[in-house]
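# Architecture at a glance
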Amino acid sequence: MSFDPRKSPISIMKFIANLLATLINLATLLGVGLAFCVAALTRDLPDHRALATWEPAVSTRLYAGDGAMIAQYARERRLFLPIGAVPARVKQAFLSAEDKNFYLHPGIDLTSLATALWSNVANYGSGRRMIGGSTITQQIAKNFLLSSDRTFERKLREAILSIRIDQTYSKDRILELYLNDIYLGLGAYGIAQAALTYFDKPVDQLTVAEAAYLAALPKAPNNYDPYRHPDRAVTRRDWVIEQMRRNGVIDRDVAAAATALPLGIKPKRQEASADKADYFAEEVRRQLGSRYGEAALYTAGLSVRTTLDPRLQQAAMQALRNGLVAYDQAKGYRGPIARLPSLDGWQRALAKRQPLSDVPEWRLAVVLSAAKDTAELGLRPSGTEAQATAPADTVAIDRDDNGWALCRLSEGRRRCTPSLDGVLSPGDIVYVEKLEIGYVLRQPPQVQGALVSMDPNTGRVLAVAGGFSYAQSEFNRATQAYRQPGSSFKPFVYAAALDTGYAPTTLVMDAPIAITDGTGKTWQPKNYDGRFSGPSTLRTGLENSRNLMTVRLARHLGMDLVADYGKRFGIYDELRSYLPMALGAGETTLLRLVSAYAVIANGGKAVTPSMIDRIQDRYGRTIYRQDSRQCTDCTAPSWENQEEPVLVDDRDYVLDPMTAYQITSMMRGVVERGTARNVATLGVPIAGKTGTTNDEKDVWFVGYTPGIVTGVFLGYDTPKPMGYGETGGGLAAPIFIDFMKVALQGRPVADFHPPAGMTFQPVDRKTGRPAEEGAPGAIIEAFKPGTGPCDGSCAIIDDREMAELPGDDADAGLSPELREKLLNNTGGLY
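The following refers to the structure shown. (Residues numbered from 1 in each chain as written. Predicted model: local features only at pLDDT ≥ 70, side-chain atom pairs only at ≥ 80, totals over all residues. Heavy atoms only, no water.)

## Digging into the sheet that holds strand β23 (residues 699–704)
The strand order across the open sheet built from five strands is β15-β14-β24-β23-β22, with neighbouring strands paired in antiparallel fashion. Taken across any chain shown, the strands that pair with only one partner, and hence form the sheet edges, are β15 (461–465) and β22 (687–692). Adjacent strand axes in the sheet meet at a mean angle of 5°, parallel and antiparallel pairs treated alike. Bridge count for β22 against β23 is six bridges, and the pairing is antiparallel. Bridge pairing links G691 to W700 in β23. Relative to the sheet, helix α20 (residues 657–672) contacts β22 and β23, its axis offset from that of β22 by approximately 65°. Helix α21 (residues 728–743) contacts β14 (448–454), β22, β23 and β24 (709–715) of the sheet and is inclined by roughly 40° relative to β23. (Pairing = 2+ DSSP bridges. Helix = DSSP H or I, 4+ residues; strand = E, 2+ residues; numbered from the N terminus. Axes fitted to C-alpha atoms, helices over the stretch in contact; angles between N-to-C directions. Contact = heavy atoms within 4.5 Å.)

## Side note on the packing of aromatic side chains
By the definition in use, this model includes 19 aromatic pairs. Ring geometry for F489 against Y572: centres 5.5 Å apart, planes inclined by 65°, an arrangement best described as edge-to-face. With F489 in the loop between β15 and α15 (490–499) and Y572 in the loop between α18 (559–568) and α19 (590–601), this pair connects stretches of sequence that are 83 residues apart. Under the relative-accessibility criterion, F489 is labelled buried at 0%. Overall, the relative accessible area of 4% leaves Y572 in the buried class. Members of the aromatic cluster, each reached through a chain of ring pairs, are F489, F492, Y565, F569, Y572 and Y597. For R321, the ring lying beneath its charged end belongs to F468, and the centroid distance is 5.8 Å. The aromatic ring of Y565 is capped on one face by R568, whose charged end is 4.2 Å from the ring centroid. (Phe/Tyr/Trp six-rings, centres within 6.5 Å; stacked < 30°, edge-to-face > 60°. Buried < 20%, exposed > 50% of the residue type's maximum accessible area, 1.4 Å probe, protein only. Lys NZ or Arg CZ within 6 Å of the ring centre and 35° of its normal.)

## Regarding the state of the cysteines
Throughout the structure, instances matching the rule amount to two disulfides. Paired through a disulfide, C407 and C416 show a sulfur-sulfur distance of 1.9 Å. Residues C407 and C416 are joined by a disulfide whose S-S torsion is about 105°; by sign, that bridge is right-handed. Residue classification places C416 among the exposed residues on the basis of a relative accessible area of 55%. A disulfide bridge connects C790 with C794, and the sulfur atoms are separated by 1.7 Å. With the S-S bond torsion at -105°, the cross-link from C790 to C794 turns out left-handed. With a relative accessible area of 16%, C794 lands in the buried category. (Disulfide = S-S within 2.5 Å.)

## A look at the layout of surface pockets
By volume, the second largest pocket is sized at about 340 Å³. Forming the boundary of the second largest pocket are 14 residues, of which T458, Q626, D627, S628 and R651 lie nearest the centre. Split into classes, the residues belonging to the lining of the second largest pocket amount to two nonpolar, five polar and seven charged. (1 Å grid on protein atoms, 1.4 Å probe; cavity = no way out; pocket = protein on both sides within 12 Å on 5 of 7 lines; lining within 4 Å. Points joined across faces, edges and corners; volume = space filled by probe spheres on them. Nonpolar A, V, L, I, M, F, W, Y, C, P; charged D, E, K, R; others polar.)

## Some details on the environment of K100
The topology assignment puts K100 in the loop between α2 (88–98) and α3 (110–122). Taking the C-alpha atoms as reference, K100 lies 7.7 Å from N247; in sequence the two are 147 residues apart.

Set out below in structure tokens:
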């Protein structure tokens, strides 16, 4: 019904009342609908209060003892920077680029939203990407709590959440979250990491131009990559500088000067790092993962100070590699590691193959031609396959410099040829190394090994070499390989004897012995050289590694006691009480064995091997410290002529200090007169013991001075004989010597000091009887109080009757396989 102005005033009033009622009802319906809409949007909205406890994912870094970085573990490379440490020019650069009204709006900027809405409506259907008009607070809401979906619903939820965030947190806290979270390209998260990545400087040293470039990146870091798109990068940076000028942050002159500058990208310098530490770092990574979990390892921002000595680590890897290569090359050339079917395009084909990245001195090469005296090889181009377009890099190798390769193993037999073309053919892919004499052939050894070096007084592990190459095999043979230690276990049998009243001069019969197992089979251990010496002192038995003497001694002591010593020193978790175990037939790791020797080296105190000195959290708080010694007087406010503070070492003694000195003295004899005489060339007081297992499957040497203990192991990953005559003294000890030459440089070596109360007398080394000092065969022997050399009729430990190994009735747990293994362990142990 149309309105007629000629109607009465009453009719007009009624019309207005109806109109108002309708509008009120519509508003009510709209309000209810809006309320339902808001309720639906906020029903599953994330709790914005979670931001209060947010911590960014920060890299965990491992450092050597000298501060050089070993490794970095991160899902996002980031360094956290508090907002108070961010200069005003850097803040203003990001605000000018992203949200100029940040400190004024309530979390959303209605003006920016209206502009974005109008632009999106105008561009609807054009295929152009929608723009958001988001504030920094909205970006926080999206990045931390919501998805990145470009939908109208998500945008509304983002706005509601942004208002709540703005009401809950200060503007500085919101900006801090943003500046530490954003991705800025080249793998850098947050402004602190980006400043280092792009300009190799901390944030507080950034110029206006540099800050403007970083502020240009959040929108699309890849689009403004300084290497791929330098022109776009400069244009975007200059736009940010202009925004800063318009907002009054900088004046026209500063803006003009900043715009005139080039990008000035300066790649981050390579940090000082400990080379060849992959095995060590991976072991520390495993320990951190076990302690804190894998997630924390990659996000918690731990700062880990390790025990690694970079100089010794390099020496360890080099000595081990040299020893493995020397043994492997002595066995002959095995042939190429691969072959190219054709030499056409050999550069690109060779570039596809990855060399051993941690042995950079070895280069992959392909044989281009081979003659009797020389061969021409093409070196693998540096870079990727796509970059393999440089001119060919070829070298020649000489027959006289590669004599070892002229013999090769074929069907288990060594066959030699007088010419290079007898072992090399065109298309062969090989490794070469450049030496002073020229290029020489190399081959990755099949045999493997490990080296561990430790401070015996603290248990700090100084170096770990877990194999020839971490790139070749990540299996750490120092900590993960369980192998038979052979005769390197004997010192602990002799320590048990000395602890229970025996003396270094006690006589034990070195003669054949046969022991039955209770089922008719006989175990007949032998000395390595097959000879016998008759009654001999404990010292002689250890110096010359006499198996028959060790078996008799262990039987007299009782294998339960020997097994207990194996567990007490941490060599084994459990050791079954069978006599062959006295000859090192159990299995342990090199790290555990070196730790056990450290106990003897330090005078008998317990040693816990440690590869971590201290761990700090992202805020610099120490959350773990290996050194648990207490110092009650270290916190005195001032010095008032009181005594100097003393660190209290409350570690337990695992071994009698006097026994430790006696065993050390006997193992010095191993170096001076016994199975490791080559070690004496180092010219300093060193004690040690060789170890060679049955059929030469494992060879060992562990030695020590008062300040450092080092162990070496060699063997195939799948145990097999290394060759008749290969021993710990011949293979492992030379690696020990090469390493210790470096380790002892600049390190004064004191003599081993005896505990108070011990007495010293000259005795005959063979008979143990008193002798004139300086007489042939006479040595100075150490005795505990109340003991001394035998002068007269001396007892001899001699047990040649048929004894019995535990039979099925004695130990139902002794399997036929284990019984056979024990019976076959005839004593090829040296």
